[in-house]
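Results of the structural survey
Below are the chains, spelled out letter by letter.
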Amino acid sequence: MRLLDDAASLQKKREGDSSQADDKLEKRRQKLQELLKRAAEKTQRPSIPECLCCQITFDLMKDPVMTPSGQTYEREAVEAHLNQNGRWDPVTRQALQRYQLVPNKALKSVITDFLRDNPWAYGS
């Protein structure tokens, strides 16, 4: 009878050890998942908001100008478009002359703030 009691006691101990091992394994798995998640967040580069990008070049604007229709482009890109393709807005197709381009100071300010907070975007 003592042998059966010892065997039962040993079995319970093994089950307890197994349960503890499972708990430790689960904690390690959760910790690893958290570390991988943090690493992925750090390696993901935030994107530049579309509203700060030129609709012609799709790059971050440096000198945004607005047309009479309200479209905003990078000055250099829209002037090149006017010289090469004719005197019309590339999006609205309305007649457009160079003298009608107005600096978009509000957007320029937003871009400056964005670059201050996101120095990685300078190379974009």
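Residues numbered from 1 in each chain as written. Predicted model: local features only at pLDDT ≥ 70, side-chain atom pairs only at ≥ 80, totals over all residues. Heavy atoms only, no water.

1. So, the overall build of the protein chain
Operational definition: Here a strand is any run of E in DSSP of at least two residues, a helix any run of H or I of at least four, and the numbering for each starts at the N terminus. For every residue, the accessible area obtained with a 1.4 Å probe (protein chains only) is divided by the maximum for its type, and the residue is called buried under 20%, exposed over 50%, and partly exposed between those limits. Only heavy atoms matter for contacts: two residues are in contact if any of them lie within 4.5 Å across the pair. Residue exposure ignores everything except the shown protein chains as possible cover, and the areas themselves are Shrake-Rupley values with a 1.4 Å probe.
Helix and strand counts for the protein chain come out as 3 helices and 3 strands. Secondary structure elements of the protein chain, listed N to C terminal, follow the sequence α-β-β-α-β-α. Out of the 124 residues in the protein chain, the part that is buried amounts to 23%. In the protein chain, the proportion of contacts linking residues at least 24 apart, taken out of those at least 6 apart, comes to 39%. Surface accessibility of the protein chain: about 9,700 Å² in total, with carbon and sulfur atoms responsible for 53%.

2. Comments concerning the packing of aromatic side chains
To be explicit about the condition: The criterion for an aromatic pair is that two Phe, Tyr or Trp rings (for Trp, the six-membered ring) have centres within 6.5 Å, with stacked assigned to planes under 30 degrees apart, edge-to-face to planes over 60 apart and tilted to the rest.
Per the stated rule, a full pass over the model turns up 1 aromatic pair. Measuring from centroid to centroid gives 6.2 Å for F114 and W120, while their planes differ by 80°, and the two rings are edge-to-face. On the basis of relative accessibility, which here comes to 13%, the residue F114 falls in the buried class.

3. A few points about unusual backbone geometry
For F58, which is not a glycine, the phi torsion comes out positive at approximately 65°. Inspection of the secondary structure assignment puts F58 in the loop between α1 (2–43) and β1 (64–66). Under the relative-accessibility criterion, F58 is labelled exposed at 65%. Within the chain, R93 stands out as a residue other than glycine whose phi angle is a positive 65°. You can see R93 is positioned in the loop between α2 (75–85) and β3 (102–103).

4. Details of helix α3 (residues 105–117)
The condition that has to hold: Take the residue count of a helix, subtract one, and multiply by 1.5 Å to get its expected span. Here the arc refers to the set of directions running from the helix axis out to each C-beta atom.
Over its 13 residues, α3 extends 18 Å from the first C-alpha to the last, a length consistent with the 18 Å expected when each residue adds 1.5 Å. L107, I111, F114 and L115 are the residues of α3 that are buried. The buried residues of α3 occupy one face: seen down the axis, they fall within an arc of 95°. Residues of α3 that are exposed and angled more than 90 degrees away from the buried face: K105, A106, R116 and D117. Contacts from the buried residues of α3 go to β1 and β2 (72–74).

5. Here's the deal with the sheet that holds β2
Just so we agree on the cut-off: Pairing between strands is defined by DSSP: at least two bridges between the two strands are required.
Strand order in the open sheet formed by 3 strands is β2-β1-β3, with antiparallel pairing between adjacent strands. The sheet terminates laterally at β2 and β3, the two strands that pair on one side only. As judged from the 2 bridges shared by β1 and β3, these two strands associate in the antiparallel manner. Within the sheet, the bridge partner assigned to M66 lies in β3 and is V102.

6. Some thoughts on α2
Spacing of three or four residues puts side chains on the same side of an α-helix, whose turn is 3.6 residues. Regarding α2, the residues found buried are A77, V78, E79, H81 and L82. Tucked inside the fold, the buried residues of α2 contact β1 and β2. G86 sits one or two residues past α2 and shows a positive phi near 120°.

7. Quick look at the nonpolar core
Threshold: The definition of a nonpolar core used throughout is a set of buried Ala, Val, Leu, Ile, Met, Phe, Trp, Tyr and Cys residues joined through side-chain atoms within 4.5 Å.
Ranked by internal contacts, the top residues of the largest apolar core, which has 18 residues, are I48, L52, L60, V78, L101 and I111. Elements represented by at least two residues in this core include exactly α2 and α3. In terms of residue count, the dominant contributor to this core is α3 (4 residues). If we skip the residues at most four places from it in the chain, L60 touches I48, L52, C53, E74, I111, L115 and A121.

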